Amino acid sequence: MSKFAVAISGGGIAGLCLAGELVKNDDIRVDVYEASTQIEEIGAGITLWGRVCEALQLMGLSKGSMGVATGVFLVLRP
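Anyway, here's the lowdown on the structure attached to this text.

How each quantity is defined
- Residues numbered from 1 in each chain as written.
- Predicted model: local features only at pLDDT ≥ 70, side-chain atom pairs only at ≥ 80, totals over all residues.
- Heavy atoms only, no water.
- Helix = DSSP H or I, 4+ residues; strand = E, 2+ residues; numbered from the N terminus.
- Buried < 20%, exposed > 50% of the residue type's maximum accessible area, 1.4 Å probe, protein only.
- Salt bridge = Lys/Arg side-chain N within 4 Å of Asp/Glu carboxyl O.
- Contact = heavy atoms within 4.5 Å.

Some remarks on the overall build of the protein chain
Of the regular secondary structure elements, the protein chain holds 3 helices and 2 strands. For the protein chain, the sequential pattern of α-helices and β-strands runs β-α-β-α-α. Among the 78 residues that make up the protein chain, the fraction classed as buried is 13%.

See below:
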């Protein structure tokens, strides 16, 4: 039986997280398409909300994402 094929446009944080989860299923073939020829730091910042942090933790990626964070601010709201 042939694998279900998924094409992901963009190798940013969302595309790579999606690809990382999909490849865990042996019945899915994943292709990621990225226009850039190399991955490099561009000086942009991102904000990760609570649910995103929970999702990264479930995927086993929270240690890696926090390991590269340069400015971590915790804001608690009532």
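Next comes the rest of the write-up.
Section: the pattern of salt bridges
Within this structure, the stated rule accounts for 2 salt bridges. Taking the shortest distance from any N to any O, the salt bridge between K24 and E21 comes out at 2.8 Å. Taking relative accessible area as the criterion, K24 reaches 54% and is therefore assigned exposed. Among the residues examined, E21 registers a relative accessible area of 32% and is labelled partly exposed. The partner of D31 in a salt bridge is R29, and the shortest N-O contact between them spans 3.0 Å.

Overview of helix α1 (residues 13-22)
Every α-helical turn comprises 3.6 residues, leaving residues that sit three or four positions apart pointing alike. Residues G15, C17, A19 and L22 constitute the buried set of α1. The inward-facing, buried residues of α1 contact β1 (4-9), β2 (28-33) and α2 (50-58).

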